[in-house]
Each structure stands twice: as C-alpha cells, then as structure tokens.
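# An overview of the molecular structure
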Amino acid sequence: MLAPEGFVARSQRHSRRAALVGLALFVGIAGAMSIALIAGARRSSSVVDRFIAAAPHYDMGVYSPTGIERSAVLSLPGVEQAVPGGYIAANVIDRDGTVSGVNGITADFGVSDPTWRVVAGAVPDNGDPLQTVVTEGFAKNLHTSVGDTVTVLMYAPDQAEEVEQGVYEPDGPTYTMTIAAIVRPPNDIAVDEPRTTVERFSGNDMLFPYEFWEQHHDEFLGYGQAYSLDLADGENGVDAVTAALPSMAGPGEEPPIGLVDTIVTFSGTDETFSRRASFDTPVDLETTALLALGIGIALIAGVTMVLLVRGEQRFHDRDTPGLLALGFTRAQLATVSGLRVLPAAVVGSVIAVAGAVALSNRFPIGIGRQMELEPGLQVNVAVIALGALLVVALVVVASMLTSGSRTRTNAASMSPFTTTRLLRRAGAPTEVAVGAHVAFENQHGRRSTTTIQGVFGGVIALAVVGALAMWLGGVNHLYDEPASHGWPWDAAIGNTNFPLL
C-alpha cells in the first residue's frame, strides 16, 4: 500500500544517513533528560507519603515515671508488642577531653524502622548492652566513627534537683560504649540549619540498648520509661489497657500514663507526623524544580528538533518537483517525509528511554533523596511510555508538516506579504526595513523560515531560562532569609530544644 512512498523514503534515507543519525542522537539525549526529570518529579511528589507510610505505627503509648519494665507492660490485656523509647540524660567525653551532653534514648534494636537510615556500620543484634548506635550529629560533634569507644558519664540518682537547676555535672557511674552504627533518624532529615558561634551539628543523640537500661537503670538518674504498644484489638483495646495501668503502681509510686495522641518512641515517628510540613515544603520545591526543568528542556528541544528536521527536509525538497511530475500528491510527499525519519525517531526514542532509566537513580534530589526508601534505578512506565511515544510522534509529524516546503516557499515568494514589503507599506524607516530584510529574507526576497523558527526557539529558551532563574532566586531568598521561612529572631541564647514564644 505504501510501496512507492517507502521506496522513495529508503532512497532519500540512504543519501542523508549522517543527518538522520545526528537527529536520532539529539532527540535521544534531549528526550532522556526531559523524561528523566519529569519521571523524577513524579517520584519526588510521592516520597513523603511513602516515607511516612513505611514508618511503624502504634496503637497507643505508655509512660511510667518510675521506669516500669517491659515484661510488666507485655502482661497488660491485649498487648502484643511493647517498643521501648525512654529518655536517659548523659554526658560523654570527647577524644580531646571535652565533656558534651547527649540525648540518650533506650531502644530495641530488634525492631526495624525503615525511616531510620543506616549511614555507616550495622545496627547490632540485641544482647550486648554496651553497644550503641549514634546519630550523624553525634559522630560529627564528637569526631567519632564506627568501632570507636565512647566514655559515658551518668548522673547519680540523687542529682535530680541539680539537673533541674541547670547544673550539669554528672556524679554517677561511668560506662564505656562501642559505636556499632551511625544512623540518620527522620527528625534529622528536614531541620533548620543551625548557625552557631561554635561548630556544632543537630541531632546529638545516642541510642542505648534496652538491655543496658534493664540491667543498670537503678544505678543512675532516670526519667522513667516509655513504650509504644501494638494491641490485639487495635484502637479498640486502648480503654482496657488504660484501665489496668493504675494497678501497676507500687506503694507511693505514680501510676503509668496511657498516651494516645502522643507516643514517645526511639524512632520519633509520631513527632515526625506532627511536623510533616517540614518535609512537604522542601520536597514540593524540589518536585516543582524538576518538573519545570523537564518541561523547559522539552520545549527547547522541541523547537531545536523542528529546526533540525527542517534542515534535513530542505535537502530533499529538490526531489519535490520531480515527484509531483510523477503523480505524487501532497499527502504522499508528507508520507515520504514521515517514513524517511521514522527509523531515526524510533532509535531516538530507544535512546531516550534507556537514558531516562539510567538517570533515574539521580532522583529525587535534596530532602526527597534522603527520604527515598528505594533508591536506585526505577522505571516509571507511564512517563517513559508516554515520553517515548511523543518523541516518535513529534519527529514524524514535524517532518510531515515541513514536506514540500520548497514548493510552498517558491509560491510564497510571489506573495506581496513578505516582511520587508509589509514594513515598507506601513511606512517604516529605511533602516528598519533593511534590518528586517537581512534578518528574515534571503537574497531573492523569500522569507527565511529557519531564521524565524530560530528566533522563536531563542525566545522560548530565554523565557524558560528566565523563569527558572526567577524561581531559583525566590528559593534562595526563602532559604537565606530566616524571616522568610518563619524564624523572626536574630539569635537564640540558651536551650533551643524548646520553642521560643
């Protein structure tokens, strides 16, 4: 059915093989960048939801000021799991002898939480009470790494009043802990950048195995113990647990407290939910940037591709009069043009798909990249399939629309509506008419379509680059000016663990 058109297309394709190879490479590279960025934006847009959905969820929490043990909590009605998360105040000695305070947290290393990212080492198995896990801030502040030992100074049980008065001089037992892993908890992903008079990093936390607390909590000043509970009946079992808590208190002891809205765990999961905006805001900015850049590259590449196809088409315009004389119609000429570039379009599409998949491991970016639970190559079938089809369709359609352009240009040259003539009739100054003639018309007075397309492409390119520059400038302003992101203070003096009112 397309035998004549196919024969002519193959003949023309052979004579312009190098141009078609260049077209395929350009379309493939530009398509890969654009598809990868748009797919990356889509991946980035879901990262916060996926991150929070992967975090462990608990039905309720229990806090005991006197430090109830887990075995007692597990005996409560309907309790299937009790994950410890109590607070331990401690100081540590740096390599240079400097004493620093840390936030100690009891943890069950056997409970996995994918939102905690292991940066170095490996979280130890339960059993060794003197192995610890520290955060990145701890490792940076104390200049430690996996395998190092840390001297931990505890407060004596009778130092509660001193600590309440701000006297942080521990007089309790000393323990030597070995760092088994360095981790990045959710609360250390999206935090305000601290700018202090000394080089300090946020997240100076240290996780103590629950076995350590279980064996030594009577030896040092404690702040009770908290547990996050999984109940057999879910939320329906909360009332039964709450009703049983008063009976667990010994003589003169405060009974454990049931927590529903605020669950204290070593993973900080529920606190993470309450500050979701600190994740959504930066990730939304990153997603918008990826999408805008992907669309911008697609627009610029599309205009450039049309210019390349137009240039390739001009070489074959010389065949148009002969083909018309042989009886070819305009529709057949368009079909010839489409068939001629079809292999280049398909090859370019394959390159674009392969390149987009190869680049997928670069996304998300920034905060989103730290939250991505499944980093690496990812195939976004919807975006890649649509992108591949658009690459083929745009190349073929552009070639078909520019088919027989030489004949149309010859006809247009007879038209009185050239750029120069229009300016002359409008009474434009001579220098304006001459400038338009040099810019938009060739020596025979015909309009230069390629030049007009080039100017149009340049306008789009400048618009896209300008829009991105303004957007990035706004983001930089938002980051550099604390008042712009809700910090109206010049400095904070004292304990910044508490909100400033």
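This text follows the structure it describes.
Bear in mind that the values here come from a model prediction, so they are computed numbers and not experimental data.

### Topic: the overall build of the protein chain
A tally of regular secondary structure across the protein chain gives 18 helices and eleven strands. Counting over 501 residues, the protein chain shows a buried share of 41%. A separation threshold of at least 6 residues defines the contact pool for the protein chain, and within that pool the share at least 24 residues apart is 80%. With an accessible surface of roughly 25800 Å², the protein chain has 60% of that area assigned to carbon and sulfur atoms.

### A few points about the side chain of D108
Looking at the secondary structure, you find D108 in the loop between strand 4 (99–107) and strand 5 (117–121). Judged by relative accessible area, D108 falls into the buried class, the value being 10%. A polar contact is formed between the side chain of D108 and the side chain of R70, at a distance of 2.9 Å.

### Quick look at the packing of helix 2 (residues 17–45) against helix 14 (residues 381–401)
The geometry of helix 2 relative to helix 14 is characterised by a closest axis approach of 10 Å and an angle of 150 degrees between their N-to-C directions. The orientation of helix 2 relative to helix 14 falls into the category roughly antiparallel. You can see that helix 2 and helix 14 cross each other, and the crossing is right-handed. Where helix 2 approaches helix 14, its residues L23, V27, I35, I38, A39 and R42 are matched on the opposing element by A382, V383, I384, G387, A388, V391 and V395.

### Comments concerning the sheet that holds strand 11 (residues 257–259)
Strands pair in a sheet through their backbones, by hydrogen bonds, and they do so in one of two ways: parallel or antiparallel. Sheet architecture is open: four strands sit in the order 2-10-1-11, paired in antiparallel fashion. Of all strands in the sheet, those with a lone pairing partner are strand 2 (79–84) and strand 11, marking the two edges. Averaged over all adjacent pairs, the angle separating strand axes in this sheet is 30 degrees, with direction ignored. For strand 2 and strand 10 (residues 225–231), the ladder comprises five bridges, and the chain directions are antiparallel. By the bridge assignment, V79 is partnered in strand 10 with L231.

### A few points about unusual backbone geometry
Cis geometry is found at the peptide bond from F363 to P364, where omega equals -5 degrees. Note that P364 resides in the loop between helix 12 (330–359) and helix 13 (366–371). Within the chain, H143 stands out as a residue other than glycine whose phi angle is a positive 55 degrees. Judged by relative accessible area, H143 falls into the exposed class, the value being 54%.

### Concerning helix 14
For helix 14, with 21 residues, the first-to-last C-alpha span of 30 Å sits near the 30 Å given by 1.5 Å per residue. Restricting attention to buried positions, one finds in helix 14 the residues V383, I384, G387, A388, V391, V395, V396, A398 and S399.

### Considering the packing of aromatic side chains
Going through the model one piece at a time under the given rule, you end up with seven aromatic pairs. For the pair F212 and F220, a centre-to-centre distance of 6.0 Å together with 15 degrees between the ring planes defines the contact as stacked. Neither residue differs from the other here; F212 and F220 are each classed as buried. Taken together, the ring pairs connect Y175, F208, F212 and F220 into an aromatic cluster. A cation over a ring is seen here: R70 above Y210, with NZ or CZ 4.6 Å from the ring centre.

Parameters at a glance
Residues numbered from 1 in each chain as written. Predicted model: local features only at pLDDT ≥ 70, side-chain atom pairs only at ≥ 80, totals over all residues. Heavy atoms only, no water. Helix = DSSP H or I, 4+ residues; strand = E, 2+ residues; numbered from the N terminus. Buried < 20%, exposed > 50% of the residue type's maximum accessible area, 1.4 Å probe, protein only. Contact = heavy atoms within 4.5 Å. Areas by Shrake-Rupley, 256 points an atom, 1.4 Å probe, with all protein chains shown as cover. Polar contact = N/O pair within 3.5 Å; in protein donor to acceptor, adjacent residues only side chain to side chain. Axes fitted to C-alpha atoms, helices over the stretch in contact; angles between N-to-C directions. Parallel < 35°, antiparallel > 145°, perpendicular 65-115°, else oblique. Left-handed = near helix turned anticlockwise from the far one by under 90°. Pairing = 2+ DSSP bridges. Expected span 1.5 Å × (residues − 1). Phe/Tyr/Trp six-rings, centres within 6.5 Å; stacked < 30°, edge-to-face > 60°. Lys NZ or Arg CZ within 6 Å of the ring centre and 35° of its normal.

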